[in-house]
Amino acid sequence: MLSRSTQFLQQLTTINSRRNLSFKQFNQIKPIINRNLAWFSGQSRKDTFGGKLKRRLKNFFVITVVGLGTYYGYRSYRRYRWFNDMSDSDKTSGTKPRVVVLGTGWSAVPLLKHIDTQKYEVVCVSPRNYFLMTPLLPSVSVGTVETRTVIESIRSLIGPRVKFIESHCINVDPKAKIITCISDGEQTVARGDNVKAVIAPSGRTDGASSRIIKDSARVRPEFQMKYDILVVAIGSENNTFNTPGVEEHAHFLKELLDARRIRSAISDAFESAMTPTQTVEERKRLLHFVIVGGGPTGVEFAAELADLVREDLQTYFPRLVANDVKITLIEALDHILSMMDKQISDYTERHFHRENIDVLMNTFVKEVKQREVIIQLKDSNELKSLPCSVVVWATGIKARSLTNKLREIIGLNIQSNRMGLLTDQYLRVKGIDDGSIFALGDCATIQTPKLVDRIQSLFEEADTEHRSALDLQQFRTLVEKKITEFPQLEIFSKSVEKAFTEADKEKSGYLTLAALRSTLEKADHKIRALPATAQVASQEGRYVADLLNQLTDTQLNHFEQQNLKPFRYKHMGSLAYVGGDEAVVDFTGSKPLLDIFKLKPMSGRSAAYLWKSFYLTEMFTGRTKTLLAFDWVRTHVFGRDISRY
Ligand SMILES: Cc1cc2nc3c(=O)[nH]c(=O)nc-3n(C[C@H](O)[C@H](O)[C@H](O)COP(=O)(O)OP(=O)(O)OC[C@H]3O[C@@H](n4cnc5c(N)ncnc54)[C@H](O)[C@@H]3O)c2cc1C
């Protein structure tokens, strides 16, 4: 069989043997040329099935070869870079100032990703060798999202230029600039991957692969390390407010291990309730789930639990769900989600009513026992017992022991805030004279200086004409000049005239020292500690990385002279999932872009889409983004896995 190109050549030769082509002859050739051109360019419409298949196979082959070539080329390049960077960082260790970062959470990771490793030798120390996407923990605790989806290995996140040591810091010596670390011990924070701690020790058959074993893999001696700059980003602990029984009988929802324990406990409660000899009373107790704390964590967990019950457990345990299941959310204040807009709190309360979640407001938990929770209503002395099985405690946070130790070392007269380390506006820890310790995230609080404490010098500086009174222009200059140092002045920045007119009660056109004081007091009243959120923590981490990268003089106490900007938080809004594929979004106080649009609080399905797209984009890597998308689709199509392991 002649190939197509040979046929074409033969046809042309036959026609061309007559040498000179007439118009008629040219018209004869035209379709042949067109047909063959079309074949070469792959556009022939009259192609046979075989031809089409051949062309497609050819295209597929070319694409596969190019794709695989590119992929393996890129992989080899990355491996080459990785080992190059690793040997580079080994060679240069000890030649650059050493930055030691404690923690692998929301504040530490942005810092580690953006700090200039050409300039600093960076060492990260943390007992957790992964980053945890905490906002998705409520989803993990009921199986909507799987555990491996919400974590990312710290080594793959930060690359070889940053050294990582899995250990936890137990002491800091700010004078000698040395930290002391151990890998295990009494004060170990929850690792979150400690499977051995999840599995009950008893009741396993000898030789079972899940038996408790004592291996020798986790042996790491205590060590000390010198630092030039220390960044404390160790987060916080759950606050029980010394409520009896919480440590022993309630679940927290802070680490991955907590979420796994809760998932097991929910499954346990349902399987126990199915035991034939169970009394009705005991069944009701087993299937009563109590959540303490109506903040975002408590609300999101209650919502996810209600989804699990309605969408999955109802299929497997229809009678139990119809008769015995109860979810109760307890809140000490008169609203849930009280930090959000009032409309959002009201909407969530109504929505929870529809979702069969009982919300007890103005209620205090006095004690948690193994089989009950003792509550007390506000303005009442009466105590009431709520029989229940699983209690989730999500009431707030407190400082870790290392944070408190550091506060004591510096002096409690300077470090007087029990919630965490007080820092200046550059996030340097107060009381460390050389400015070599930074603190960020949940373990730190920025101390904003009060205007009234400096009223005299501010007044004198603004009173350029020495009239003992300020006119509008002088007041405006004062606000503009001092807003970086005193961010609370922002309340006047939108309308300086209005603030001036309100302060000038005598309508004289001037402000006396007394009038200025009463105005600035209003601004001081607006000082609020930043919330303990991932949003704040990650902005702080990024800020310190940029700050250290910009430093020209490593004298860490001369930032003002180096024209470095203090930290400014930009709130982008708050989100919470409320169940039934609905969420709430509050843009109040968000700056700078969203403020212009004056966005109203959102609720319902559209907010849920926003919530989902937000977390999809927030996932740090392509791997976790893909896993999260798959988990949502899997849950939607096949439901949640309710097996306990
Ligand atoms: C269930 C849940 C849901 C949340 N949802 C949201 C949300 O939707 N939006 C939001 O903005 N915020 C949310 N948050 C809050 C947010 O997770 C925290 O504000 C944030 O994690 C604080 O970051 P961080 O870096 O200070 O601490 P973390 O992220 O907690 O990291 C602390 C790190 O320090 C390490 N560490 C602890 N002790 C030591 C030690 N002694 N030495 C060295 N390292 C140590 C830890 O292992 C960890 O790696 C949620 C929190 C939880 C628990």
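Further up the page is the structure itself.
Because the structure is a prediction, the values reported are computed rather than measured. (Residues numbered from 1 in each chain as written. Predicted model: local features only at pLDDT ≥ 70, side-chain atom pairs only at ≥ 80, totals over all residues.)

## As for the overall build of the protein chain
Thinking step 1. Helices and strands together make up the secondary structure of the protein chain, namely 23 helices and 25 strands.
Thinking step 2. The buried share among the 645 residues of the protein chain stands at 35%.
Thinking step 3. Long-range pairs, those at least 24 residues apart, make up 67% of the contacts in the protein chain between residues at least 6 apart in sequence. (Helix = DSSP H or I, 4+ residues; strand = E, 2+ residues; numbered from the N terminus. Buried ≥ 20, exposed ≤ 12 C-beta atoms within 10 Å, placed from the backbone. Contact = placed C-beta atoms within 7 Å.)

## Section: the nonpolar core
Thinking step 1. Of all hydrophobic cores here, the largest spans 124 residues; its most connected members are V101, V231, V232 and V392.
Thinking step 2. The dominant element in this core, judged by the number of residues it contributes, is helix 11 (residues 296-316), at 9 residues.
Thinking step 3. Grouped together as the second largest cluster of nonpolar side chains are 19 residues, V479, F486, A499 and F500 included. (Core = buried A, V, L, I, M, F, W, Y, C linked by C-beta atoms within 7 Å.)

## Topic: the site of the ligand
Thinking step 1. Neighbouring residues of the ligand: 35 residues in total, closest G103, G105, G235, G441 and T533.
Thinking step 2. When residues of the shell around the ligand are traced back to their parent elements, those giving at least two are strand 2 (121-126), helix 5 (137-140), strand 6 (168-173), helix 11 and helix 20 (534-550).
Thinking step 3. For the shell around the ligand, the leading source of residues is helix 20, giving 3 residues. (Near = placed C-beta within 6 Å.)

## With respect to the sheet that holds strand 7 (residues 178-182)
Thinking step 1. If you trace the 3 strands from one edge of the open sheet to the other, you get 6-7-8, paired in antiparallel fashion. Two strands close off the open sheet at either side, each with one partner strand: strand 6 and strand 8 (223-226). For this sheet the average axis-to-axis angle between neighbouring strands, irrespective of direction, equals 25°.
Thinking step 2. Relative to strand 8, strand 7 runs antiparallel, the two sharing 4 bridges. If you follow T180 over to strand 8, its bridge partner there is Q224. (Pairing = 2+ DSSP bridges. Axes fitted to C-alpha atoms, helices over the stretch in contact; angles between N-to-C directions.)

## Some points on the environment of A399
Thinking step 1. Summarising the element assignment, A399 is placed in the loop between strand 19 (397-398) and helix 14 (401-410).
Thinking step 2. Judged by local crowding, A399 falls into the buried class, with 24 C-beta atoms found within 10 Å.
Thinking step 3. The spatial distance from the C-alpha of A399 to the C-alpha of N238 is 8.6 Å, given a sequence separation of 161 residues.
Thinking step 4. Setting aside residues no more than four positions away along its own chain, A399 makes contact with S236, N404, R418, M419, G420 and C443.

## So, the sheet that holds strand 13 (residues 326-330)
Thinking step 1. Spatial ordering of the open sheet is given by 11-18-12-13-14, a layout of 5 strands whose pairing is parallel. With partners counted over all chains shown, the strands left at the sheet margins are strand 11 (251-252) and strand 14 (357-360), one partner each.
Thinking step 2. Relative to strand 13, strand 12 (residues 288-292) runs parallel, the two sharing 5 bridges. Along strand 13, the bridge assignment pairs I291 with L329.

## Regarding helix 20
Thinking step 1. For helix 20, spanning 17 residues, the distance from its first C-alpha to its last is 24 Å, which sits close to the expected 24 Å at 1.5 Å a residue.
Thinking step 2. Three or more residues of helix 20 are buried, namely V536, A537, S538, Q539, E540, G541, Y543, V544, A545, L547 and L548. (Expected span 1.5 Å × (residues − 1).)

## Quick word on the pairing of strand 6
Thinking step 1. The pairing of strand 6 with strand 7 spans 5 bridges and is antiparallel. Residue pairing in the sheet places N171 in a bridge with T180 of strand 7.
Thinking step 2. Counting the residues in the hairpin turn of strand 6 and strand 7 gives 4 residues, including K177, whose phi is positive at 55°.

## Overview of unusual backbone geometry
Thinking step 1. One non-glycine residue with positive phi stands out, namely N356, at about 65°.
Thinking step 2. In this fold, N356 is placed in the loop between helix 13 (342-354) and strand 14.
Thinking step 3. Residue N356 is classed as partly exposed on the basis of its C-beta count, with 13 C-beta atoms lying within 10 Å.
Thinking step 4. If you check the backbone angles, S468 has positive phi at about 60° while not being a glycine.

## Comments concerning helix 11
Thinking step 1. An ideal rise of 1.5 Å per residue puts 30 Å on 21 residues; helix 11 measures up with 29 Å between its terminal C-alpha atoms.
Thinking step 2. Its axis deflected by about 40° at V309, helix 11 carries its strongest bend there.
Thinking step 3. Buried residues dominate helix 11, accounting for 16 of its 21 residues. (Bend = angle between axes of the 7 residues up to and from the residue.)

## Considerations on the pairing of strand 2
Thinking step 1. Within strand 2, 5 of the 6 residues are buried, which leaves the element mostly enclosed by the surrounding structure.
Thinking step 2. Taken together, the 5 bridges between strand 1 (residues 98-102) and strand 2 define a ladder with parallel strand orientation. In the sheet register, R98 faces strand 2, and the bridge partner there is E121.
Thinking step 3. With respect to chirality, the unit in which strand 1 leads through helix 4 (residues 108-114) into the neighbouring parallel strand 2 is right-handed.
Thinking step 4. Relative to strand 5 (residues 162-166), strand 2 runs parallel, the two being bridged by 5 bridges. (Right-handed = clockwise from strand over helix to strand, strands pointing away.)

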